[in-house]
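Each chain, letter by letter, is given below.
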Amino acid sequence: MNKNVRPLGALAAASALLLAAGCGGGTAGTGAAADQPGQLDVVTAFYPFQFVAERVAGPHATVTSLTQPGAEPHDLELTPRQVASVSTADLVVYERTFQAAVDEAVDQSGNEHVLDVAAVVPLQPLAAGEHEEHAGEEHAEEGEEEHDHGGLDPHVWLDPTQMVTITTAVRDQLSTLDPDHAADYQANAAALEAELGGLDQDFRTGLASCRRTEFITTHTAFGYLAKRYGLSQIGITGLSPDAEPSPARIAEVQQEATEHGVTTIFYETLISPAIAQAIAGDLGLATDVLDPLEGITESSRGQDYVAVMRSNLTALQKAGGCS
Ligand SMILES: [Zn+2]
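Remember, predicted model here, so these are calculated numbers, not experimental data.

Student: Go over the overall build of the protein, please, and point to the residues and values.
Tutor: From N to C terminus, the protein includes 12 helices and 8 strands. Across the 323 residues that make up the protein, the buried fraction comes to 50%. Sequence-distant contacts in the protein: of pairs separated by 6 or more residues, those separated by 24 or more amount to 65%. Counting only carbon and sulfur atoms, one obtains 53% of the accessible surface of the protein, whose full area is about 14300 Å².

Next up, the structure:
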């Protein structure tokens, strides 16, 4: 057999995955995995909840994500197979109002073993400025009512202390479903909570003394993070990552950048940097990545939630001139 066959096969498989992801959901990549006897089947809506569930469950569950790596979770559509997986899951972890397709699948499933993160971490209204942008943004596509979060900001996972709350809630759910392994869930959750606590501490000390507290980002995903650590987020496109800002909004942002002495325009890994580059280019500013952790891909600056959050911290420190 030609030794080139394997790499080519792998490449084809990778392309197929990319295609599936590009079509807005695709097949439930890991969702098809049969759980082992005695293993729980946990279905999560998107990456940060998958991360928590995997860490807390350890070997006792098969954890899948409804949002494929690299796919945009805001626009998620589900395949019939994924909808079915929501019905049959031992536990579904999702956040009501973030992904309309998941809300609908949960409602239709009649599955009572669901953890709604929005019920354990109260969602905050958008800050005044953010709300204005959201209302005024121009959408590129139709069917954008899915992006109406009822005036609430869904991005709670970008605050590490809220991730601790989510971890505790997942632990409690798993312990109830599978009391035989409650001690393991307890220990795994404690380890993750300690790691998240360390991350929170590093954010607090790392951002305690900055020359600039304002930061500018395309996708307005960092409201909870900003509030927690005393920063101020200026969003360009609002809550929908793929919305096109109006020329007026771009001009406003450029004015704010000049006013606050901002040096860096942030963009995110899953979305084209074109908008950030256009704004930065006119003013001679730098661009950098601030990752909303809505998925992990090969271009992510880190292998998991904690590692990417540390990259975010480094980027914020650099942009803010923090000592
Ligand atoms: Zn988002």
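Student: Kindly report on helix α12 (residues 305-320), identifying the contributing residues and their values.
Tutor: For α12, built from 16 residues, the straight-helix expectation of 22 Å at 1.5 Å per residue is met to within 8% by its first-to-last C-alpha distance of 22 Å. All of the buried residues in α12 are Y305, V306, V308, M309, N312, L313, A315, L316, A319 and G320. With a side-chain oxygen lying 3.2 Å from the backbone nitrogen of V306, the N-terminal cap of α12 falls on D304. G321, located one to two residues past α12, shows a positive phi value of around 60°.

Student: How would you summarise the state of the cysteines if you had to cite specific residues and measurements?
Tutor: Under the definition given, this model contains 1 disulfide. Two residues, C210 and C322, share a disulfide whose sulfurs are 2.2 Å apart. On the S-S bond that ties C210 to C322, the torsion sits near 100°, and the link is right-handed. You can see C210 sitting in the loop between α8 (182-206) and β5 (214-219) and its partner C322 sitting in the segment after α12, a full 112 residues away along the chain.

Student: Could you give an account of the pairing of β5, with specific residues and numbers?
Tutor: Of all 6 residues in β5, 5 are buried; the element is thus mostly enclosed. Of the strand pairs in this sheet, β5 and strand β6 (residues 232-238) are connected by 5 bridges, and their pairing is parallel. If you follow I216 over to β6, its bridge partner there is I234. After leaving β5, the chain enters helix α9 (residues 223-229) and then returns to the sheet as β6, a path that is right-handed. Here 2 bridges tie β5 to strand β7 (residues 264-267), and the two strands are oriented parallel to one another. Considered in β7, the bridge of T217 is made with F266.

Student: Kindly report on the pattern of salt bridges, identifying the contributing residues and their values.
Tutor: Under the counting rule described, the total for this entry stands at 8 salt bridges. Across the pair E195 and R55 runs a salt bridge whose closest N-O atoms are separated by 2.7 Å. Here E195 is found in helix α8, whereas its partner R55 is found in helix α2 (residues 47-57), with 140 residues between them in sequence. A salt bridge links D107 to R96; the shortest N-O distance between them is 2.7 Å. A residue pair is termed long-range when its members are at least 10 positions apart, and D107 in helix α4 (residues 100-109) and R96 in the loop between β3 (91-94) and α4 qualify at 11 residues. A relative accessible area of 53% places D107 in the exposed class.

Student: Outline the coordination of the zinc ion, supporting the account with residue identities and numerical values.
Tutor: Every protein donor of the zinc ion is listed here as H74 (NE2), H155 (NE2), H219 (NE2) and E294 (OE), and their distances to the metal cover 1.9 to 2.4 Å. In this structure, the zinc ion is surrounded by 4 donor atoms whose angles at the metal cover 92 to 132°, and the resulting shape is tetrahedral. Mapped onto the sequence, the donors of the zinc ion take the spacing H-x80-H-x63-H-x74-E. With H155 in the loop between α6 (128-136) and α7 (160-177) and H219 in strand β5, this pair connects stretches of sequence that are 64 residues apart.

Student: Describe the packing of α7 against α8, with residues and values.
Tutor: Running from N to C, α7 and α8 point in directions that differ by 175°, and their axes come no closer than 9 Å. The angle between the axes of α7 and α8 places the two elements in the roughly antiparallel class. Contact residues: α7 offers P160, T161, M163, V164, T167, T168, R171, L174 and S175, while α8 offers A182, Y185, Q186, A189, L192, E193, L196, L199 and D200. Of the residues that constitute the contact of α7 with α8, the class distribution is 10 nonpolar, 5 polar and 3 charged.

Student: Lay out the sheet that holds β3 with the relevant residues and their values.
Tutor: Strands sit in the order β2-β1-β3-β4 across an open sheet of 4 strands; the sheet is parallel. Strands at the two margins of the open sheet, each flanked by one partner only, are β2 (61-65) and β4 (114-116). Taken over all neighbouring pairs, the strand axes of this sheet differ in orientation by 15° on average, direction set aside. Here 3 bridges tie strand β1 (residues 40-44) to β3, and the two strands are oriented parallel to one another. Within β3, the residue paired with T44 across the bridge is V93.

Procedures and definitions
Residues numbered from 1 in each chain as written. Predicted model: local features only at pLDDT ≥ 70, side-chain atom pairs only at ≥ 80, totals over all residues. Heavy atoms only, no water. Helix = DSSP H or I, 4+ residues; strand = E, 2+ residues; numbered from the N terminus. Buried < 20%, exposed > 50% of the residue type's maximum accessible area, 1.4 Å probe, protein only. Contact = heavy atoms within 4.5 Å. Areas by Shrake-Rupley, 256 points an atom, 1.4 Å probe, with all protein chains shown as cover. Expected span 1.5 Å × (residues − 1). Polar contact = N/O pair within 3.5 Å; in protein donor to acceptor, adjacent residues only side chain to side chain. Disulfide = S-S within 2.5 Å. Pairing = 2+ DSSP bridges. Right-handed = clockwise from strand over helix to strand, strands pointing away. Salt bridge = Lys/Arg side-chain N within 4 Å of Asp/Glu carboxyl O. Donors = N, O, S within 2.8 Å, 3.2 Å for Na, K, Ca; no water. Tetrahedral: all angles 85-135°; square planar, octahedral: opposite > 155°, others 65-115°. Axes fitted to C-alpha atoms, helices over the stretch in contact; angles between N-to-C directions. Parallel < 35°, antiparallel > 145°, perpendicular 65-115°, else oblique. Nonpolar A, V, L, I, M, F, W, Y, C, P; charged D, E, K, R; others polar.

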